[in-house]
Amino acid sequence: MPWRRKPSDELPTLSEPLVSVRDADLGYGRRPVLRGVRLEIREGEFLGIVGPNGAGKSTLLKTILGLLRPMRGEVACRGGRRSLRFGYVPQRETVDTVFPVTALELAMTGRHALEGPLSWPGRDGRKRAMESLDRVGMADRANILLRDLSGGQLQRVLIARALCLEPRVLVLDEPTNGMDLESEHALMELIAALHAQRALTVVMVSHLLNVVVNYVRSLALLGGPGVISGPISEVLTVENLERLYGTKVTLGELDGRRVVLPCRERHGAR
Amino acid sequence: MMEFLQLEFLRNALVSSLLIGLMLSVMGIFVVLRRIVFVGAALSQASAAGIALAMLAAGLAGSHGSPALASFVEVHPETVAIASTLLAAALLSFRPRFVNLPSEGAIGLGYAFASTLAILLIAKAPGAEGDTLLLFYGNILAVKPKEVVELAVVCPTLLLVHALFQKEFFMTSFNPETARAAGVRVGLWSFVLYLTLGFGIATGIRVAGSLLAFSFLVVPALAGIMIGRKSWHVMATAVTVALSSTFLGIEASVRWDLPSGPTIVAALLAEAGAVWAVARFRH
């Protein structure tokens, strides 16, 4: 059954962000990991959330997804959380590959989430799942077990499952972690294409700064007090990066691509 | 083969084992998938605690002038046992909301708590001995016709619930965070799953004993995972192993004069070993 807005709900405006994190303290139990977070995710945006390990990237992501409640402050979704469907692509290490599930079966679980209890996806659901696998270039691997897929292929299947949900926002947690250079590039090209083809809002968490800055339009830097966020041209500065990583950095271009490197002297002295 | 079917108590044992095996082998897939295999042990102790509570309550009610309550709990300790098992199942399913503990840790805690509670309660129950609780663990050869009828209602009912909500149970067991992010009510479906597990396991233990019930819950599902190439293969293999081991186990127990429950478990383990060998050979 489609979600219906209550008459009392405010009508959203196009300028209203899809998700607003307002002065929120985020963490687990009583231990805050991030304090005073302010962040907005707008429709059609490609946002990268970057920071060193332990900076609280996954905590922020889980809060945006509604898996964690903010300890203080507010996380508001346009039209209410139930109206905003997130296609979540978790870190692939969290997926159980011992249980024998094929790529198609996993993709179909995305359809299951769309349908209520006592209904089955049937042929249409299977067709949609195959279409999603096709969009990520995995249609020919539909009947392969997850445990027999490479890391890059498994990541694509997880994205296909999220697409099966027909999400408003695609949320990816460290999608290129542990991949070789070629697989990493191919996967990022795929994510960029999904964003461009249908103006799909994409939020991607990664600690791989050099990967993220070449694809996203907006950037949120985590690691210092609060979050620095905005268009990449404004956020990706030497000053912000040095504050984030606590070391001197060089920001340049190589073959038309942005490159961030730690300065040789400081790096060598460590 | 199967001459033992002429004996009523063995017919009852066979039909009961088949029903319990069918039910628990299907449920076991979710138990193994969620990595909560010791949920069977924890819920069996919750069931024992319920029986101990019933005995204590019967004694106290009798001595404090409530004969109606005393006679009810004395005659129907299994009602209290099922209630305590369902309560434990509910507490375990909502665990992530309360405390940040790994599933296995929470189940271990539940096991220790329920076991201790059962022993302490029975120690204070008038007329009960330390090993009284053992009387309430079932023996598959002592199944009464009335219990077979009960199983014939309970097992298909629980299987029907699993059939109707299979995709919800799978989604919330396989990757609960993704399901929650997609708007699926993971807490609700986990609760329903745990309730069916609690009811099924408590029933299985009461009729067949804890060893056989625990084995039906774990071994067939593991055999299915070893050889399955699709998720439905797991269920088909688990059910086949559970049912065929029941026939083999009872036949072997009659032929070689062995206790039926442990012989069925031996057959389950032997079949799981054979499945493992086939899976190894195939790869």
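The rules behind these values
- Residues numbered from 1 in each chain as written.
- Chains lettered and ligands numbered in written order.
- Predicted model: local features only at pLDDT ≥ 70, side-chain atom pairs only at ≥ 80, totals over all residues.
- Heavy atoms only, no water.
- Helix = DSSP H or I, 4+ residues; strand = E, 2+ residues; numbered from the N terminus.
- Buried < 20%, exposed > 50% of the residue type's maximum accessible area, 1.4 Å probe, protein only.
- Pairing = 2+ DSSP bridges.
- Axes fitted to C-alpha atoms, helices over the stretch in contact; angles between N-to-C directions.
- Parallel < 35°, antiparallel > 145°, perpendicular 65-115°, else oblique.
- Left-handed = near helix turned anticlockwise from the far one by under 90°.
- Contact = heavy atoms within 4.5 Å.
- pLDDT = per-residue confidence, 0-100.
- Salt bridge = Lys/Arg side-chain N within 4 Å of Asp/Glu carboxyl O.
- Buried area = accessible area lost by both parts, 1.4 Å probe.

Some words on unusual backbone geometry
Residue and element names in this part refer to chain A.
And then number 1: One non-glycine residue, Asp-23, adopts positive backbone phi at about 45°.
And then number 2: When you line up the elements, Asp-23 lands in strand 1 (residues 19-28).
And then number 3: We note that Glu-174 has phi near 45°; this positive angle belongs to a residue other than glycine.
And then number 4: Assignment of secondary structure puts Glu-174 in the loop between strand 6 (169-173) and helix 5 (181-198).
And then number 5: Taking relative accessible area as the criterion, Glu-174 reaches 6% and is therefore assigned buried.

Quick word on the sheet that holds strand 1 of chain A
Residue and element names in this part refer to chain A.
And then number 1: Strand order in the open sheet formed by three strands is 2-1-4, and the pairing between neighbours is antiparallel. On the outer flanks of this sheet lie strand 2 (31-41) and strand 4 (72-77), each paired with one strand and no other. Taken pair by pair, the neighbouring strands of this sheet meet at an average axis angle of 30°, ignoring direction.
And then number 2: Pairing between strand 1 and strand 4: five bridges, direction antiparallel. Residue pairing for strand 4: Val-21 is matched across the bridge by Val-75.

Topic: the packing of helix 2 (residues 103-114) of chain A against helix 3 (residues 122-135) of chain A
All names here are of chain A.
And then number 1: Where helix 2 contacts helix 3, the axes come no closer than 9 Å and their chain directions differ by 115°. For the element pair helix 2 / helix 3, the angle class is roughly perpendicular. Note on packing geometry: the crossing formed by helix 2 with helix 3 is right-handed. In this structure, helix 2 contributes Ala-103, Leu-104, Ala-107, Met-108 and Arg-111 to the contact, and helix 3 contributes Asp-124, Gly-125, Arg-126, Arg-128, Ala-129, Met-130 and Leu-133.

Quick notes on the confidence of the model for chain A
Residue and element names in this part refer to chain A.
And then number 1: Mean pLDDT for chain A: 85, with 91% of residues reaching 70 or above.
And then number 2: Within the model, pLDDT remains below 50 along residues 1-14, and this stretch shows 12 contacts once partners closer than five positions in the same chain are excluded.
And then number 3: Note that pLDDT drops below 50 for residues 266-270; the model gives that stretch six contacts with residues more than four away or on any other chain.

Points about the environment of Ala42(B)
Residues and elements named next belong to chain B.
And then number 1: Here Ala-42 shows up in helix 2 (residues 39-63).
And then number 2: Residues Ala-42 and Thr-85 lie 43 residues apart in sequence; the distance between their C-alpha atoms is 9.0 Å.
And then number 3: Those residues within four positions of Ala-42 in sequence are excluded, and the remaining contacts are Ile-107, Tyr-111 and Ala-114.

Description of the pattern of salt bridges
And then number 1: Taken as a whole, this structure holds 15 salt bridges over all chains when the rule is applied.
And then number 2: Taking the shortest distance from any N to any O, the salt bridge between Glu177(B) and Lys62(A) comes out at 3.5 Å. Here Glu177(B), found in helix 9 (residues 176-181), pairs with Lys62(A), found in helix 1 (residues 57-65), and the two come from separate chains.
And then number 3: For Lys62(A), a relative accessible area of 19% puts it in the buried group.
And then number 4: As a salt-bridge pair, Lys167(B) and Glu168(B) come within 3.1 Å of each other at their nearest N and O atoms.

Notes on the interface of chain B and chain A
And then number 1: Between chain B and chain A, the contact holds 27 residues from the first and 32 residues from the second.
And then number 2: Around 2,700 Å² of area is buried between chain B and chain A when both sides are counted, 63% of it from carbon and sulfur atoms.
And then number 3: At the surface where chain B touches chain A, the tally comes to three salt bridges.
And then number 4: Asp148(A) is the partner of Arg229(B) in a salt bridge, and the nearest nitrogen-oxygen pair spans 3.4 Å.
And then number 5: Mapped by element, the contributors of at least two residues to the side of chain B that touches chain A are helix 1 (8-33), helix 7 (145-164), helix 8 (166-174), helix 9 and helix 12 (231-255) of chain B.

A look at the pairing of strand 10 (residues 249-254) of chain A
Residue and element names in this part refer to chain A.
And then number 1: Bridging between strand 10 and strand 11 (residues 257-262) involves six bridges; their strand directions are antiparallel. Bridge pairing in strand 11 links Gly-252 to Val-259.
And then number 2: The turn joining strand 10 and strand 11, which pair antiparallel and follow one another in sequence, is formed by two residues; a positive phi near 55° is taken by Asp-255.

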